[in-house]
Every structure is written in C-alpha cells, then in structure tokens.
There are 2 protein chains.
Amino acid sequence: MAQKPSIPKGTRDFSPVEMVKRNYIFDTVKSVFQKYGYLPIETPAMENLSTLLGKYGEEGDKLLFKILNSGDYLKKADAGLLAEKASNKVITQLSEKGLRYDLTVPFARYVVQHQNEISFPFKRYQIQPVWRADRPQKGRYREFFQCDVDVVGSNSLLNEVELIQIVDEVYQLLNINVVLKLNNRKVLSGIAEIINASDKIVDITVAIDKLDKIGLEKVNEELASKGLSEEAIQTIQPIIMLSGTNREKVAKLREVLAASEVGLKGVDELETVLNYLDVLNLDLEVELDLTLARGLNYYTGAIFEVKSKDVAIGSITGGGRYDDLTGIFGLKDVSGVGISFGADRIYDVMNQLELFPKADGAKTRAMFVNFGGEDELYALGILSQIRKAGINAELFPDNAKMKKQMNYANKKEIPFVVLSGEEERQEGVVTLKNMETGEQSKLGVDELIKVISI
Amino acid sequence: MAQKPSIPKGTRDFSPVEMVKRNYIFDTVKSVFQKYGYLPIETPAMENLSTLLGKYGEEGDKLLFKILNSGDYLKKADAGLLAEKASNKVITQLSEKGLRYDLTVPFARYVVQHQNEISFPFKRYQIQPVWRADRPQKGRYREFFQCDVDVVGSNSLLNEVELIQIVDEVYQLLNINVVLKLNNRKVLSGIAEIINASDKIVDITVAIDKLDKIGLEKVNEELASKGLSEEAIQTIQPIIMLSGTNREKVAKLREVLAASEVGLKGVDELETVLNYLDVLNLDLEVELDLTLARGLNYYTGAIFEVKSKDVAIGSITGGGRYDDLTGIFGLKDVSGVGISFGADRIYDVMNQLELFPKADGAKTRAMFVNFGGEDELYALGILSQIRKAGINAELFPDNAKMKKQMNYANKKEIPFVVLSGEEERQEGVVTLKNMETGEQSKLGVDELIKVISI
C-alpha cells in the first residue's frame with residue numbers, strides 16, 4: 001500500500017544543496033582542528049543508559065531517546081509496574097540503551113574506557129549528531145550536529161590560547177565577523193568570595209548583564225532584591241561598572257579581588273591568556289566579559305563564547321575549562337578545556353549573509369548534453385580528460401530533448417553546459433555555454449579545462 | 001558513583017588512528033562520486049516505524065531498533081496486551097520510531113517526499129551509519145556505515161557504465177586489485193523462462209556456482225534433486241558450462257536464450273554495457289558471471305559485485321538496477337541503479353595489505369618540544385608560519401620532561417619533532433629530528449617547511 005511518506009518531527013532531511021553548504025562548514029573546522037594537531041574520534045549513536053542517566057539532570061533524563069530492548073522485551077518487566085502503567089519506574093526494565101544526548105559524556109566515557117591506549121594530552125575533535133526529545137521549534141531540532149574540540153590531560157593555559165587561535169582561524173576562513181567573549185570561573189568565584197555570597201553568583205552576573213539596558217541604579221536594586229547586603233553591593237560597584245580595555249579591566253579586578261586567593265588566580269589566568277594573544281597578534285576581537293557565566297557548575301577556569309557581529313542569533317561557539325570531566329566514570333584529576341561549534345547556527349548566519357562560496361569543489365562544474373550515438377562516445381572521451389584534471393563533470397544519461405537536459409543543468413545550478421554534437425566532433429572541439437551569462441564559445445579540450453576549473 | 005564504562009555490544013568507538021584511515025576511504029569515494037556529478041544527501045537516524053516496517057521481511061522487522069515514545073509511553077498502551085506481555089502486538093503502541101536499517105528505504109522515502117524539489121535523473125550518494133539488532137560477531141556490527149551511490153529516474157545503460165567507471169576509479173585510488181562481476185537479472189529470468197521454471201532460478205545459480213568445486217555431473221544431480229526435469233537440465237547445459245571471454249559468453253547466451261524475449265533483452269543490455277566499457281578502455285577486470293544473483297526480488301536489470309583479488313573477504317561493493325524502488329511509497333515507474341561500497345570490509349582489506357598511506361594529510365606532521373618561557377613564544381611564531389603553509393603541527397602544551405614529550409610524539413606517530421630551544425632561538429633556526437631515522441639537522445624556517453611537507 002502506498003503511504004504518504006514523512007519523517008519524525010524535529011528531524012530533517014538534508015538535500016544536496018544543503019549538504020554541500022554544511023560540508024563546507026564541517027570541512028573548514030576539521031581542516032583547522034587538524035592543523036593544530038587535533039584528530040577525530042567517533043563514538044556509537046547508542047550508549048548504555050547507565051552511561052547517560054543522571055548526567056544531564058532530571059529534565060535531561062526525560063529528554064533521552066531510549067531504545068527498546070530487542071526480542072521479548074516485556075518478558076522480564078515487572079507485571080505490577082506494567083499494570084500500573086508506571087512508565088518511569090519500568091523504563092530501565094524495557095530499555096538498556098539510549099541515543100547520545102551530547103558529545104561530552106560519550107567523550108568522558110571514551111577517555112576513561114581507553115585511558116591506557118591514549119597518550120595524554122589527548123587532543124581530539126568529534127563531529128556527530130546528537131538526539132534530544134525536546135519540543136521541536138524554530139531552530140531547535142531533535143537531531144542536530146555538534147562539533148566539539150577538546151584537549152584533556154594538560155593544565156597549560158596554552159590550550160586555552162590554542163582554542164582561541166582556532167576560533168580566529170575558523171571564522172576568518174568562513175568570513176564571519178565575530179567577537180570572542182572571555183571570562184574565568186575563578187574570577188566569578190572570587191567575586192562571590194569577597195562578599196561572602198557564593199550562592200548569588202548567577203544573580204550577580206545576570207544583574208550586571210542588564211547594566212546597559214536598565215542603568216546602575218536598577219542593577220543595584222535588583223541585587224538588593226536578590227538578598228545582597230548594602231555593603232556587598234558597594235564592594236562590587238567597581239566590578240559592575242567594569243569598563244575600558246581588557247588590560248584595564250584586569251588591573252581593576254586585581255585590585256578589587258585582592259583578598260580572594262581564587263579570584264587572583266583567575267585574574268592571573270586571564271592575564272596570561274591575554275599576554276599570549278598579544279604575542280600572537282590575532283585579528284580576532286577578544287573581549288573580557290564578566291557577565292559570561294555558561295553552565296557554572298561545569299566549568300572551573302576559562303569560559304568562552306563567540307558571537308556574530310552581523311547577525312543576532314546568540315552564541316555560535318562556546319566552551320571552557322573543566323577540571324573533572326572523567327571523575328564520574330572513575331578517572332580523577334583529568335583537567336581539560338574544549339569548545340563546541342554550533343553548526344546549525346553558523347549555517348544560518350552564513351546563509352543570511354550569503355557567505356557560502358558559489359563555486360564549491362563538491363559541486364558539478366559542467367554538464368555535457370547527450371546527443372546519443374557517436375556524439376555520446378565523443379563526450380565520454382572528453383569527460384575522462386576533464387575528470388582526470390580533477391573537475392566534477394557529468395553527461396546527461398539520456399538522449400533527451402534539449403530543453404529537458406538544460407532544465408536539469410539549471411536546476412542543479414551547474415555553471416557550464418558543454419555541447420559536443422556532430423559539428424563539434426568533426427572539428428575536434430566543443431561549444432561551451434556559460435549558464436550565468438549565456439555566452440557561448442568554441443574551445444579545444446585544454447582550453448575547456450582551463451575555463452571551467454575553479 | 002564511579003562505574004566501569006563500556007559501550008553496547010556490537011557497537012564501536014573509533015580511535016584517531018582508525019578514524020584517519022576510515023576517512024581516507026570515505027574521502028576517496030566521495031571525491032570520485034562528486035567527479036561524476038553525484039551529490040550527498042543525509043536522512044535522519046530515526047524514521048517513522050511505518051516507513052520501515054514490512055520493508056525487510058519478517059526477520060528484518062525484528063532486527064529494527066525501536067525508539068520508545070517519549071513521556072508517559074505506557075499511557076495509551078492496551079492494558080490487556082501489557083498484562084499478557086504480548087511484546088510483539090503492543091510494540092507499535094509503545095514505539096513510533098525506529099533507527100534506519102539501511103540507506104535504500106530512507107532514500108526511496110526521500111525521493112517520494114521531495115519529488116517536486118528533485119530534478120531527475122537524481123544522482124545522489126549517501127554515507128551514514130545504519131543499525132541492526134543482529135547477533136554481533138566477527139565482522140558483523142549493530143552499527144555500521146553504508147556508502148550508497150544511486151541514480152534514479154533514468155533508464156539509460158550509461159548509468160550502469162558510469163557506476164562501473166566509479167568502481168574502477170575508486171579501487172585504483174585505493175590501490176586494491178579487484179574484479180567486477182557482472183550479471184543481468186533479465187538473463188536469469190530468460191533462463192528460467194526457457195525451461196519454464198521461474199521458481200528454480202536461485203537453485204540454478206547456486207548449483208552452477210559449485211561447478212568448479214564439484215564438477216558437472218554433481219551439478220546436474222543437484223539440479224535434478226531440486227526438481228528440474230531431465231530436459232530442462234539438458235537445455236541449460238551450455239549455460240552451466242559457459243566459459244571463455246565475456247563476448248563469447250554473450251554470443252552463447254544469445255543462442256541459448258533465442259526463445260526468450262526477456263532473456264534476449266538482458267543479453268542486449270549486457271552487450272551494450274560491454275560495448276561502452278570497450279570504448280572507455282578501463283583497467284578494471286570485468287567478468288560476466290551468471291552465478292551472481294544478489295537479492296533477486298529486488299533487482300530487475302544489471303547486477304554487480306566487486307571482489308578483492310588478494311583477500312578472501314566476500315563482496316566489497318555490490319548493487320544493480322531496480323525498476324520500482326519508490327512504488328511502495330506511491331511513486332510508480334521510477335527506475336534506478338545503484339551500488340554500495342562496504343566501508344568495513346574495504347578497511348579490513350586495506351589494513352591487511354597495508355595499503356593505507358603513511359603520510360596522511362589529516363595527521364600531525366611535526367611536534368615542537370616545549371622549552372617554556374621565551375622559547376615557547378619562539379616556537380609559537382614558527383608554528384604560525386608552518387600552519388599558514390597548510391601543515392598540521394603542534395606545540396606540546398606543557399614544559400614537561402623531554403622524555404614525556406618525545407613519548408607523546410612517538411605514540412601519536414608524529415614523523416618529525418622540532419627542537420627550538422635557546423640555542424636555536426639565538427641562531428634563528430630549529431633542530432629537526434626525523435622520528436623514523438633518528439637523524440637531526442639544523443634548518444631555517446623555509447627549509448623546515450619544505451622538509452616536513454607531504
């Protein structure tokens with residue numbers, strides 16, 4: 001029976017046009033990752049539920065896609081729980097596996113499982129889809145790709161610097177104007193320490209973030225409403241109003257945080273990173289931003305976030321240092337730092353700004369019109385030479401009407417059409433049509449190759 | 001709590017070393033696919049169960065990985081079926097989605113769903129993992145990759161020829177000696193027709209396949225035991241003993257199948273393909289092999305299979321023409337032809353024959369030893385120049401003991417180590433160590449780039 005085909009909500013098919021663009025992004029980030037000595041790993045789509053459960057909070061557990069056990073999956077399930085329809089309680093009796101929710105937990109699992117094969121520091125990147133049973137909405141999918149690059153097993157701040165270099169190089173290649181926001185978790189801890197309010201750090205960063213919009217007075221009111229004492233609010237005034245160059249901010253922080261050991265450690269780390277960046281002389285705009293907090297419980301040192309300057313779409317890359325990624329799987333004291341490139345958002349930014357290259361090495365450069373018989377064989381011979389020169393080209397497979405063949409080339413956005421009929425064959429040439437300008441010219445094969453090369 | 005981490009049976013982690021090799025295979029096939037005008041698509045890992053069920057037979061339905069519905073998945077399930085623990089009957093009440101089992105059914109679904117956006121003939125390739133709840137064993141996984149390349153919407157035999165060209169080019173690039181076996185489903189139908197035994201065609205091909213091992217007499221005995229009449233067995237004697245060049249085989253088949261319209265059509269198709277191949281003058285060994293049957297119900301024209309000549313591992317590529325891929329989803333009369341490259345087996349062949357290139361563009365070419373302080377900055381400056389030249393290189397992130405740093409380079413199989421300590425810095429040079437030969441030499445940066453380039 002014929003059925004109207006569709007795909008699960010929140011998932012996507014990627015057409016050739018979309019794939020070529022997506023691969024342009026993936027190939028670019030990969031080439032940069034590799035230039036810095038990062039190599040790929042891949043982990044299975046399915047992980048044991050015991051690996052995944054409890055790692056993303058209660059809400060995360062619900063959003064995991066669970067795989068039904070194979071065979072007679074109800075056999076061992078508790079009859080009482082089934083009768084009660086206790087979906088949550090009986091779930092681990094029906095399902096032992098889930099689809100990965102991110103690349104971080106599988107990476108931690110990988111590092112612990114393969115610790116004896118790995119030579120640390122371990123520099124890896126991973127580009128794979130992840131799945132979340134989120135409510136689908138614009139820009140939020142149930143299957144989407146993450147591009148993570150991490151180095152674990154080294155405390156050196158050179159790693160932070162290297163990731164910033166990678167950000168710089170990737171976005172230069174992609175032609176996206178970005179600003180990298182930089183912060184340090186230890187600085188935030190220090191701020192909390194000097195006012196003795198470690199539970200208020202999120203409230204503080206959220207309030208500071210509103211300074212531009214609501215002004216100092218309202219910010220202070222908000223802090224008071226969150227339970228900060230008048231004294232505490234006074235103490236952090238210089239931090240709320242922190243401005244100037246990154247160096248000026250660092251100097252001011254060092255002054256305000258003088259009484260906090262951890263705070264000063266954070267300032268030192270920030271300064272060291274800035275020192276490296278000065279030497280490296282990057283084009284990238286780097287801005288010290290205290291309002292950047294990103295998953296506070298997770299990060300322990302540097303925090304990064306990258307935003308497009310031309311499209312308001314939120315963070316397109318983010319990450320930071322974590323000191324205990326693998327502890328949950330039994331391997332203590334492995335510090336790491338990593339960032340994740342948001343492929344879907346980068347795609348949207350590039351699409352909106354029309355930054356994708358028109359001529360992409362993956363696309364077809366030329367289509368030969370099929371005139372059948374001897375002409376077809378003539379075309380096949382020339383095609384071999386063109387492909388040997390590394391050019392993607394094709395012959396329409398049927399001797400169909402010219403209009404149909406030209407339509408095909410048009411729809412596939414093939415920039416050149418080659419006519420090699422009887423006349424051309426007798427002369428040993430081809431007629432080349434530029435599909436954009438409409439221009440036609442007769443050429444020999446060598447010249448043809450030159451013209452249609454990217 | 002620490003737990004000993006593991007992955008589901010039948011699944012695999014891929015280490016950097018394995019990934020670089022796998023990507024070498026994927027990148028090679030992709031580059032060839034694209035050279036012939038094929039472009040990638042991707043479909044979601046999850047398909048609706050209604051798309052998948054019933055497409056792979058009863059056994060296939062069992063081997064599908066099913067995704068438990070989100071939320072209160074038991075709520076709508078039939079209480080009676082749950083109480084009976086009727087796993088099979090209740091399954092579609094608990095699960096609406098499954099992981100894709102192959103790339104063919106999702107491709108058919110894609111073509112039908114997007115028929116108005118596609119310009120036919122549609123040339124696409126698809127490289128993605130598939131999942132099967134098979135019993136895991138050596139060489140058989142529950143998650144594995146398929147590389148499919150197909151063209152649909154064209155009856156031209158030029159498409160068959162193009163796929164053979166692709167096989168030729170891929171295996172030349174991968175340096176694997178192969179033979180391509182060619183057959184045609186219509187020829188097999190013709191054989192069945194002339195002896196009026198269309199249900200026996202599998203028995204016949206299986207019996208013929210044993211000719212070399214058991215001899216003609218035993219083959220005839222086997223055919224008799226399968227219910228073929230004495231007359232039928234006599235009629236197909238020339239086919240059982242078919243030998244000689246492809247052209248001689250075609251001539252003999254034309255003679256024997258003279259009474260079968262469909263058989264002669266198959267012979268014509270074979271001959272046309274051979275004619276094209278003569279003109280194209282491929283290096284590939286192509287052998288007409290009547291014992292090749294591959295999923296008879298599915299294919300309707302040409303059938304291909306590729307085997308390594310040096311490693312006995314079964315078929316490493318296979319495919320054929322099908323006339324009704326999309327009918328099941330309501331789009332009739334779309335003929336297509338496609339082949340699938342078996343990445344896991346190709347990997348095993350290349351590993352066994354040591355065919356992977358030692359110097360791969362994805363690997364790190366050089367590691368700089370970290371001497372700290374000024375020397376570190378000196379190294380960073382040179383690294384920038386090296387990377388600008390397109391070379392993958394890294395600086396060990398910590399000023400650790402020399403032995404530790406050299407060990408790291410060794411384990412990561414980095415071919416060159418660069419020493420740029422105080423002495424080198426003063427002279428504006430580096431000391432380059434070739435990790436394979438142990439040779440050391442002092443070089444300027446330009447020379448360094450020349451030596452470590454691939």
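Everything numeric in this text was worked out from a predicted model, so none of it was measured. (Residues numbered from 1 in each chain as written. Chains lettered and ligands numbered in written order. Predicted model: local features only at pLDDT ≥ 70, side-chain atom pairs only at ≥ 80, totals over all residues. Heavy atoms only, no water.)

J.: Would you take a moment to explain the overall build of chain A for this structure?
T.: Along the backbone of chain A there are 19 helices and 16 strands. Here chain A has a C-alpha radius of gyration of 28 Å; the compact-globule value for 454 residues is 22 Å, and the former is much larger. Taken along the three principal axes of its C-alpha coordinates, chain A extends 95 × 65 × 45 Å. Residue burial in chain A is summarised as follows: out of 454 residues, 59% are buried. Put simply, of all contacts in chain A between residues at least 6 apart along the chain, 68% involve residues at least 24 apart. Looking at chain A as shown, the accessible area adds up to about 19400 Å², and 46% of this sits on carbon and sulfur atoms. Within chain A, one finds 57 positive and 66 negative side-chain charges whose respective centroids are separated by 6 Å. (Helix = DSSP H or I, 4+ residues; strand = E, 2+ residues; numbered from the N terminus. Rg over C-alpha atoms; globule rule 2.2 N^0.38 Å. Buried < 20%, exposed > 50% of the residue type's maximum accessible area, 1.4 Å probe, protein only. Contact = heavy atoms within 4.5 Å. Areas by Shrake-Rupley, 256 points an atom, 1.4 Å probe, with all protein chains shown as cover. Lys, Arg positive; Asp, Glu negative; His and termini not counted. Charge placed at Lys NZ, Arg CZ, Asp CG, Glu CD.)

J.: I would appreciate a short explanation of the relation of the copies chain A and chain B in the present structure.
T.: In summary, the two copies of the chain are related to each other by a rotation about an axis coupled with a shift along it. When chain A is fitted onto chain B, the two copies agree to an RMSD of 0.1 Å after a turn of 180° and an axial shift of 0.0 Å. Given the turn and translation reported, the copies of this chain are related as if by a two-fold rotation axis. Among all C-alpha atoms of chain A, that of A:Ile67 lies closest to the rotation axis, at 2.3 Å. Of the residues that chain A buries at the interface, 100% are likewise interface residues in chain B, meaning the two copies contact each other through the same surface. (Least-squares fit on C-alpha atoms with pLDDT ≥ 70 in both.)

J.: Sorry, what's going on with the domain arrangement of chain A here?
T.: Where interface size is given, it is often the accessible area lost as the parts come together that is meant. Examined at the domain level, chain A breaks down into domain 1 (16–352) and domain 2 (363–452). Placing the centre of domain 1 of chain A and that of domain 2 of chain A at their C-alpha centroids yields a distance of 50 Å. (Domains from an automatic or database assignment.)

J.: Whenever I open this one, the sheet that holds strand 10 (residues 315–322) of chain A confuses me. Can you help?
T.: Strand pairs in the sheet, formed through backbone hydrogen bonds, run parallel or antiparallel to each other. All names here are of chain A. An order of 1-5-6-11-10-9-7-8 is seen for the 8 strands of this open sheet, with the pairing classed as mixed. Taken across any chain shown, the strands that pair with only one partner, and hence form the sheet edges, are strand 1 (39–40) and strand 8 (285–288). Inspection of the sheet shows strand 6 (residues 143–152) paired to strand 11 (residues 336–341) by 6 bridges, in the antiparallel sense. Within the sheet, the bridge partner assigned to Cys147 lies in strand 11 and is Phe341. (Pairing = 2+ DSSP bridges.)

J.: Help me understand the interface of chain A and chain B, please; the structure alone is not making it clear to me.
T.: Residue-level contacts link 108 residues of chain A with 108 residues of chain B. Summed over both sides, the interface between chain A and chain B buries roughly 8900 Å², with carbon and sulfur atoms accounting for 59% of that surface. The three residues of chain A that bury the most area against chain B are A:Lys35, A:Lys85 and A:Arg387, which together make up 7% of that side's buried surface. Taken together, the connections running from chain A to chain B amount to 6 salt bridges. Taken together, the links from chain A to chain B amount to 40 residue pairs in polar contact (both at pLDDT 80 or more). (Buried area = accessible area lost by both parts, 1.4 Å probe. Salt bridge = Lys/Arg side-chain N within 4 Å of Asp/Glu carboxyl O. Polar contact = N/O pair within 3.5 Å; in protein donor to acceptor, adjacent residues only side chain to side chain.)

J.: Explanation requested: unusual backbone geometry in the structure shown.
T.: A negative phi angle is the norm for most residues apart from glycine, just as the trans form is the norm for most peptide bonds. Residues A:Phe120 and A:Pro121 are joined by a peptide bond in cis, for which omega reads -5°. Of note in the backbone geometry, A:Glu413 takes a positive phi value of approximately 55° without being a glycine. Residue position: A:Glu413 is located in the loop between helix 17 (402–411) and strand 14 (416–419). Positive phi outside glycine occurs at B:Asn196, with the angle close to 55°. Inspection of the secondary structure assignment puts B:Asn196 in the loop between helix 8 (185–194) and helix 9 (201–209). Classification of B:Asn196 as exposed rests on a relative accessible area of 73%.

J.: When you look at the pattern of salt bridges in this model, what are you seeing that I'm missing?
T.: Should the charged atoms of two oppositely charged side chains come close, the side chains can pair. As enumerated under the stated definition, the model contains 54 salt bridges over all chains in all. Between B:Lys35 and B:Glu169 there is a salt bridge, with the nearest N and O atoms lying 3.3 Å from each other. Here the residue B:Lys35 occupies a position in helix 1 (residues 16–35), and B:Glu169 occupies one in helix 7 (residues 158–174), the gap between them amounting to 134 residues. By the burial criterion, B:Lys35 is buried, and B:Glu169 matches it. A salt bridge links B:Arg425 to B:Asp375, with the nearest nitrogen and oxygen atoms 2.7 Å apart. Within this pair, whereas B:Arg425 is found in helix 18 (residues 422–427), its partner B:Asp375 is found in helix 16 (residues 373–388), the two being separated by 50 residues in sequence. Judged by its relative accessible area of 24%, B:Arg425 falls in the partly exposed class. Through salt bridges with shared partners, a single ionic network connects A:Lys123, A:Glu162, B:Arg387, B:Glu394 and B:Lys412.

J.: Would you mind going over the side chain of B:Thr43 with me for this structure?
T.: Along the chain, B:Thr43 turns up in the loop between strand 1 (39–40) and strand 2 (46–48). For B:Thr43, a relative accessible area of 2% translates into the label buried. For B:Thr43, the side chain forms a polar contact with the side chain of B:Gln126, separated by 3.0 Å. Once residues lying within four places of it in the same chain are set aside, the contact partners of B:Thr43 are A:Arg12, A:Asp13, B:Arg100, B:Pro106, B:Arg109, B:Tyr110, B:Gln126 and B:Gln128.

J.: Any chance you could explain helix 8 (residues 185–194) of chain A here in plain terms?
T.: Residues spaced three or four apart along an α-helix face the same direction, because each turn holds 3.6 residues. All names here are of chain A. Counting buried positions along helix 8 gives 7 out of 10 residues, so the element sits mostly inside the fold. Where helix 8 is concerned, the buried positions are Arg185, Lys186, Val187, Leu188, Gly190, Ile191 and Ala192. Elements that come into contact with the buried residues of helix 8 comprise strand 7 (178–184), helix 9 (201–208), helix 12 (237–240), helix 13 (246–256), helix 14 (261–280) and strand 9 (302–308). Its side-chain oxygen 2.8 Å from the backbone nitrogen of Lys186, Asn184 forms the N-cap of helix 8. At the C-terminal side of helix 8, Asn196 shows a positive phi close to 55°.

J.: What exactly am I supposed to notice about the sheet that holds strand 13 (residues 393–395) of chain B here?
T.: All names here are of chain B. Within the open sheet, the 5 strands sit side by side as 13-12-14-15-16. Their pairing is mixed. Only two strands of the sheet have a single neighbouring strand rather than two, namely strand 13 and strand 16 (440–443). Across the sheet, the mean angle from the axis of one strand to that of its neighbour is 25°, orientation sign disregarded. Packed onto the sheet, helix 16 meets strand 12 (366–368), strand 13 and strand 15 (430–434) and runs at close to 170° relative to strand 13. (Axes fitted to C-alpha atoms, helices over the stretch in contact; angles between N-to-C directions.)

J.: What's the story with the packing of aromatic side chains in this structure? I'm lost.
T.: A ring pair, where both rings are aromatic, is described by two values, the distance of the centres and the angle of the planes. By the definition in use, this model includes 20 aromatic pairs over all chains. On the basis of an interplanar angle of 45° and a centroid distance of 5.6 Å, the ring pair of A:Phe26 and A:Phe145 is categorised as tilted. With A:Phe26 in helix 1 (residues 16–35) and A:Phe145 in strand 6, the pair connects residues that are 119 residues apart, well separated along the chain. Aromatic pair A:Tyr110 and A:Phe122: ring centres 6.1 Å apart, planes at 5°, arrangement stacked. One end of the pair, A:Tyr110, is in helix 6 (residues 104–113); the other, A:Phe122, is in strand 5 (residues 122–131), and 12 residues separate them in sequence. Neither A:Tyr110 nor A:Phe122 differs from the other in exposure class; each is buried. An aromatic cluster is built from A:Phe33, A:Tyr125, A:Tyr171 and A:Phe341, whose rings are joined through pairwise contacts. The ring of A:Tyr101 carries the charged tip of A:Arg132 above its face, separated from the ring centre by 4.1 Å. When the ring centre of B:Tyr141 is taken as reference, the NZ or CZ atom of B:Arg12 above it lies at 3.4 Å. (Phe/Tyr/Trp six-rings, centres within 6.5 Å; stacked < 30°, edge-to-face > 60°. Lys NZ or Arg CZ within 6 Å of the ring centre and 35° of its normal.)

J.: Explanation requested: the packing of helix 9 of chain A against helix 10 (residues 211–225) of chain A in the structure shown.
T.: Two elements in contact, helix 9 of chain A and helix 10 of chain A, have axes separated by 8 Å at closest approach and are oriented at 145°. Across from A:Asp203, A:Ile204, A:Val206, A:Ala207 and A:Ile208 in helix 9 of chain A, the residues of helix 10 of chain A making contact are A:Leu211, A:Val219, A:Glu222 and A:Leu223.

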